[in-house]
Amino acid sequence: MSKVILKNVCKIYEGGVKAVDNFNLEIEDKEFVVLVGPSGCGKSTTLRMVAGLEEISSGELYIGEKLVNDVPPKSRDIAMVFQNYALYPHMTVYKNMEFGLKLRKYPQEEIDRRVREAASILGIEELLDRQPKALSGGQRQRVALGRAIVRKPKVFLFDEPLSNLDAKLRVQMRAEISKLHVRLQATMIYVTHDQVEAMTMADRIVVMRDGLVQQIGNPLVIYGNPRNKFVAGFIGSPPMNFCDIDVLSEGGKLYITDGAFKVKVPAEKAAIVKAYMDKTGKKSFYYGIRAEDILDQKSYAGTVDENTLKANVEVVEPMGADTHIYADSGKTPLIFKLDLEAGLMKVGDNVPLVMNVGKGHFFDRDTEANIAELL
């Protein structure tokens, strides 16, 4: 079993700086878990504690069934892939890949078999006699992956391994690592600040901020049901729109307004908002809605009578299959998407938009929690 369990794990540096606070997570055997968050959120520190490169201040860490708090890195049966590849520049690719096995005194026949098997999996057989300086960034990262694969560890750890690559190569390597996970059926823990990497690769995402876990879950669940305003804004591209709104009750209906626009809340969402208002007495919220849930009136198939607002187009970003439009509704900046055929707006246009209010989320102004989570 290659299960990894972190129980109430904390990391406190000198001066009382708490880098990781009460981290709890159970990673199943063969699961691919991604720790994601902005710089300084504690994700790399958490990974380094799993690797044994950082001492755990408090809490318990298990790999398999074994408590490993005081077990040195070399005895944890893990393999780590770093951002900077960490290859020995004076060694060939073959020697880089065999180095760890030689230290562990594997028979040369077994070493050769493992190195060539890993090279075949990664498509780098023709590179085995080259030195790292003769390789591209993507090839170096494949060698770093190969060096981890030959070890056949219980757990693979990845610390932002793609951040030094160009955009096209990052996309390619994302797919390669995902295929590698399926092929090896290994437990993998992956750290990144790139939420697109997290969304596309993970079985589960752990969103972190300031050393604290904000939400853990399936990527699509987190995308569709963010626990708080931070998660809602961090996960998703382009980022979620946020409006500072008041809720009005008129004629048995609920409306949201930021002072410049006023749109109706559909019945199902209105029931949630009303229940929270009755419970707390609050009538002001942060309202979040994703770009794909704001449409120009021509593209919207539903009723538009009480869902429309006007916005001035400020920036047009053609993205190929769709176009991102940055607009100003009078008080709140908005980002929305149009498909290629509809994306013919120009800077300065004043356009009617339809806000699909039922798809959005209401966040408490004080705690920034999603009110649907608090009922």
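Our subject is the structure that appears above.
### Some thoughts on the nonpolar core
With 48 residues, the main nonpolar core has V36, M97, L145, F158, I177, Y190 and V207 as its most contacted residues. In terms of residue count, the dominant contributor to this core is helix α3 (residues 108-122) (6 residues). Judged by nonpolar contacts, the second largest core, of 31 residues, contains V263, L309, A327 and L338.

### Brief notes about helix α5 (residues 167-184)
Because each turn of an α-helix spans 3.6 residues, side chains separated by three or four positions in sequence point in the same direction. Over its 18 residues, α5 runs 26 Å from end to end, which matches the ideal 26 Å to within 8%, given 1.5 Å per residue. Residues of α5 that are buried: L169, M173, R174, I177, L180 and H181. What you see down the axis of α5 is that its buried residues fit within an arc of 145 degrees, all on one side. Turned more than 90 degrees away from the buried face of α5, the exposed residues are K168, K179, V182 and R183. In the core, the buried residues of α5 are packed alongside β3 (32-36), α3, α4 (137-149), β7 (155-159), β8 (187-192) and α6 (195-201). Backbone nitrogen of K168 and a side-chain oxygen of the N-cap are separated by 3.2 Å at the start of α5; the cap is D166. Looking one or two residues beyond α5, the residue adopting positive phi is Q185, at roughly 50 degrees.

### Describing the sheet that holds strand β17 (residues 322-328)
Read across the sheet, 5 strands follow the order β15-β19-β16-β17-β18 without closing on themselves; strand pairing throughout is antiparallel. Bordering the open sheet on either side are β15 (294-296) and β18 (333-339), each of which pairs with just one other strand. In this sheet, neighbouring strand axes are inclined to one another by 50 degrees on average, regardless of whether the strands run parallel or antiparallel. Sheet topology places strand β16 (residues 308-318) next to strand β19 (residues 350-355); 5 bridges connect them, and they run antiparallel. When the bridges of β19 are listed, L309 appears paired with L353.

Definitions and cut-offs
Residues numbered from 1 in each chain as written. Predicted model: local features only at pLDDT ≥ 70, side-chain atom pairs only at ≥ 80, totals over all residues. Heavy atoms only, no water. Core = buried A, V, L, I, M, F, W, Y, C linked by side-chain atoms within 4.5 Å. Buried < 20%, exposed > 50% of the residue type's maximum accessible area, 1.4 Å probe, protein only. Helix = DSSP H or I, 4+ residues; strand = E, 2+ residues; numbered from the N terminus. Expected span 1.5 Å × (residues − 1). Arc of directions from axis to C-beta. Contact = heavy atoms within 4.5 Å. Polar contact = N/O pair within 3.5 Å; in protein donor to acceptor, adjacent residues only side chain to side chain. Pairing = 2+ DSSP bridges. Axes fitted to C-alpha atoms, helices over the stretch in contact; angles between N-to-C directions.

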